[in-house]
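Chain residues, written in single-letter form:
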Amino acid sequence: MNFAPTEEQVMFRDSVRRFVADEYPFERRLKIVAEAPGYLPAHWKTFADLGWLSVPFVEANGGLGGDAFDVMVLMEEFGRALLVSPYLSTVVLSGRLLQDAGTDHARSLIAGIVAGDVQVAPALAEPQGRYDLFDVATATHGQDGGWHVSGRKVGVPFAATADRLIVSARTAGSRRDREGITLFLVDSDANGVTIHPYRTHDGGSAAMVDLEHVAVGRDAVLGERDGAWPLIEAASDIASAALAAEMTGSMWAAQEQTVEYAKTRKQFDQTLGHFQALQHRMVDMFMKCELARSMTIEATDGAGMSDPAARAHRIAAARSLIGRYARHVCEEAVQIHGGVGVTMELPVGHYLKRVMAINATLGDPDYYRRRYVRLLRGEDNLVAAGAV
């Protein structure tokens, strides 16, 4: 297959790169992330005007009908620019859940997302579950016309600025069953919802969300009752592939900035690039970036597969390798820069922070390596092929 970007994707990449160069230079980024909510709401409306928020949605839902490769182009440029925004949480992850649910309420929310008027945060992870999103202890109690939802969600991205939360809760089965999970749309300011926001070390925003007897109606259900796991699995896999692209963008930026620095910084009356040992290290960084890009293409191609096992297999392989390589490349960038590499005024240290944060999102490299092995052995309890 030819994985070279199309002419349209090259034009798209160039337009994104021009925007972030003009509107999101590193010095301005430092000021933006220093204040809540960590991004500019005006930028979010601009994303809508540029069509970025509509990229992954089908035309029937007001989208551009783009595929995972179009999202990959955007996310890689976000990684290069260290851009902080709710794009992944609202458009990629929550957007996929809403689109797969296919309800009228979900379609109306997608229209709001595309217009830049609505943000949605996925409240899926729980304290005891770590990266296993099927580990759901959030409970529901039936009532006439709906349910009461009670539980705690952790690591909810940009929950403090979200209009809606997509909450996974158990409506049947035991805590770690993949069956019996239902998705509910919950207003972020509903009675019983308490959001505890905090800033992440890479400049982003997240929150712990407590739900105490939150009343939801039957129209708040996304998809089938008790059958939400295939939707969650597909959306989290696709978001994971998008994060792989973001990491790859950060790696390339760190590598390129290190090479430029080595051409000008002098030690012992020689530029750093003159020393063969450092040349070898920078070549190794370059090779890891190339391998990461190849694996990102594999993951992105896998994100479009309908077979859950095949999709998860490719993405697990990519996230395991890219996670380790990205951290190594960014650590090398910091070390070659020396003491200045850990200062707030230079981007390379921020790339390392962002890569470490991504490695703690939806799964770290060890988690994906174990999952890859389980998939090879046929031990991972995935839904039946073709279910999504």
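In this text the structure is predicted, and so the values were computed from the model without any measurement.

Peer 1: How should I be thinking about the overall build of the protein in this particular structure?
Peer 2: Counting its secondary structure elements, the protein contains eleven helices and ten strands. In terms of overall size, the protein behaves like a compact globule, its C-alpha atoms giving a radius of gyration of 21 Å where 388 residues would be expected to give roughly 21 Å. C-alpha atoms of the protein, sized along the principal axes, occupy 80 × 45 × 40 Å. Here the protein holds 388 residues, and 54% of them are scored as buried. Counting only contacts in the protein whose residues sit at least 6 apart along the sequence, the fraction spanning at least 24 positions is 73%. Carbon and sulfur atoms make up 52% of the accessible area of the protein, which amounts to about 16700 Å² in all.

Peer 1: Sorry if this is basic, but what is going on with helix 11 (residues 365–377) here?
Peer 2: Helical geometry: 3.6 residues make up each α-helical turn, so side chains three or four residues apart lie on a common side. For helix 11, spanning 13 residues, the distance from its first C-alpha to its last is 19 Å, which sits close to the expected 18 Å at 1.5 Å a residue. Regarding helix 11, the residues found buried are Pro365, Tyr367, Tyr368, Arg371 and Leu375. Across the axial projection of helix 11, the buried residues extend over an arc of 155 degrees, all falling on one side. The exposed set on the far side of helix 11, more than 90 degrees from its buried face, consists of Leu376 and Arg377. Against the buried residues of helix 11 lie helix 7 (229–264) and helix 9 (308–337). Positive phi shows up at Gly378, right after helix 11, with a value of about 70 degrees.

Peer 1: Explain the nonpolar core to me, please; I cannot follow it from the model alone.
Peer 2: Considering soluble globular proteins, one finds that nonpolar side chains tend to be buried as a cluster. The biggest cluster of nonpolar side chains holds 104 residues, and the ones touching the most others in it are Trp52, Phe78, Tyr87, Leu98 and Ile232. The element best represented in this core is helix 7, accounting for 18 residues. Those residues in contact with Ile232, other than ones at most four positions away along the chain, are Leu97, Leu124, Leu133, Ser168, Ile181 and Leu183. The next biggest cluster of nonpolar side chains, apart from the first, holds 20 residues, and it includes Ala121, Ala162, Ala207 and Leu211.

Peer 1: I tried to follow the packing of helix 7 against helix 10 (residues 347–358) on my own but got confused; where do I start?
Peer 2: In a packed pair of helices, the relevant descriptors are the angle between the two axes and the axis-to-axis distance. The interhelical angle for the contact between helix 7 and helix 10, taken along N-to-C directions, is 160 degrees, at an axis separation of 10 Å. One finds that helix 7 runs roughly antiparallel with respect to helix 10. The way helix 7 lies across helix 10 gives a crossing that is left-handed. In this structure, helix 7 contributes Leu243, Glu246, Met247, Ser250, Ala253, Ala254 and Gln257 to the contact, and helix 10 contributes Pro347, Val348, Tyr351, Arg354, Val355 and Ile358.

Peer 1: Explain a nonpolar patch on the surface to me, please; I cannot follow it from the model alone.
Peer 2: A cluster of nonpolar side chains, namely Val283, Phe286 and Met287, defines an oily patch on the protein surface of about 270 Å² accessible area. With respect to the helices and strands, Met287 occurs in helix 8 (residues 276–303).

Peer 1: Help me out: how do you make sense of the pairing of strand 7 (residues 205–217) in this one?
Peer 2: When a strand is regular, its side chains alternate between the sheet's two faces. The pairing of strand 3 (residues 146–157) with strand 7 spans nine bridges and is antiparallel. Its bridge partner lying in strand 7, Gly151 is registered against Leu211. The pairing of strand 6 (residues 193–199) with strand 7 spans seven bridges and is classified as antiparallel. Looking across to strand 7, one finds that Arg199 is bridged to Ser205. Two successive antiparallel strands, strand 6 and strand 7, enclose a turn made up of five residues, where Gly203 displays a positive phi of approximately 100 degrees.

Peer 1: Help me out: how do you make sense of the side chain of Ser89 in this one?
Peer 2: Counting through the fold element by element, Ser89 comes out in helix 5 (residues 87–101). The exposure class assigned to Ser89 is buried, which follows from its relative accessible area of 5%. Within the structure, the side chain of Ser89 is placed 3.1 Å from the backbone oxygen of Pro86, a separation counted as a polar contact. With residues near it in sequence (within four places) discarded, Ser89 still touches Ser94, Val120, Pro122, Pro157 and Phe158.

Peer 1: It is not clear to me how the pattern of salt bridges should be interpreted in this structure. Could you clarify?
Peer 2: Side chains bearing opposite charge may pair, as long as their charged atoms lie close to each other. Applying the stated criterion across every chain, the model contains 27 salt bridges. In this structure, Asp104 engages Arg107 in a salt bridge whose closest nitrogen and oxygen atoms are separated by 2.5 Å. With Asp104 and Arg107 both in helix 6 (residues 104–115) and three residues apart, the pair spans about one turn of that helix. In this structure, Arg369 and Asp366 form a salt bridge, with 2.3 Å as the shortest nitrogen-oxygen distance. Placement of the pair is Arg369 and Asp366 together in helix 11, with a separation of three residues, close to one helical turn. Looking at Arg369, the relative accessible area reads 36%, which means it is partly exposed.

Thresholds, definitions, all that
- Residues numbered from 1 in each chain as written.
- Predicted model: local features only at pLDDT ≥ 70, side-chain atom pairs only at ≥ 80, totals over all residues.
- Heavy atoms only, no water.
- Helix = DSSP H or I, 4+ residues; strand = E, 2+ residues; numbered from the N terminus.
- Rg over C-alpha atoms; globule rule 2.2 N^0.38 Å.
- Buried < 20%, exposed > 50% of the residue type's maximum accessible area, 1.4 Å probe, protein only.
- Contact = heavy atoms within 4.5 Å.
- Areas by Shrake-Rupley, 256 points an atom, 1.4 Å probe, with all protein chains shown as cover.
- Expected span 1.5 Å × (residues − 1).
- Arc of directions from axis to C-beta.
- Core = buried A, V, L, I, M, F, W, Y, C linked by side-chain atoms within 4.5 Å.
- Axes fitted to C-alpha atoms, helices over the stretch in contact; angles between N-to-C directions.
- Parallel < 35°, antiparallel > 145°, perpendicular 65-115°, else oblique.
- Left-handed = near helix turned anticlockwise from the far one by under 90°.
- Patch = residues over 30% accessible without salt bridge, like charges linked within 9 Å, V, L, I, M, F, W, Y side chains within 5 Å.
- Salt bridge = Lys/Arg side-chain N within 4 Å of Asp/Glu carboxyl O.
- Pairing = 2+ DSSP bridges.
- Polar contact = N/O pair within 3.5 Å; in protein donor to acceptor, adjacent residues only side chain to side chain.

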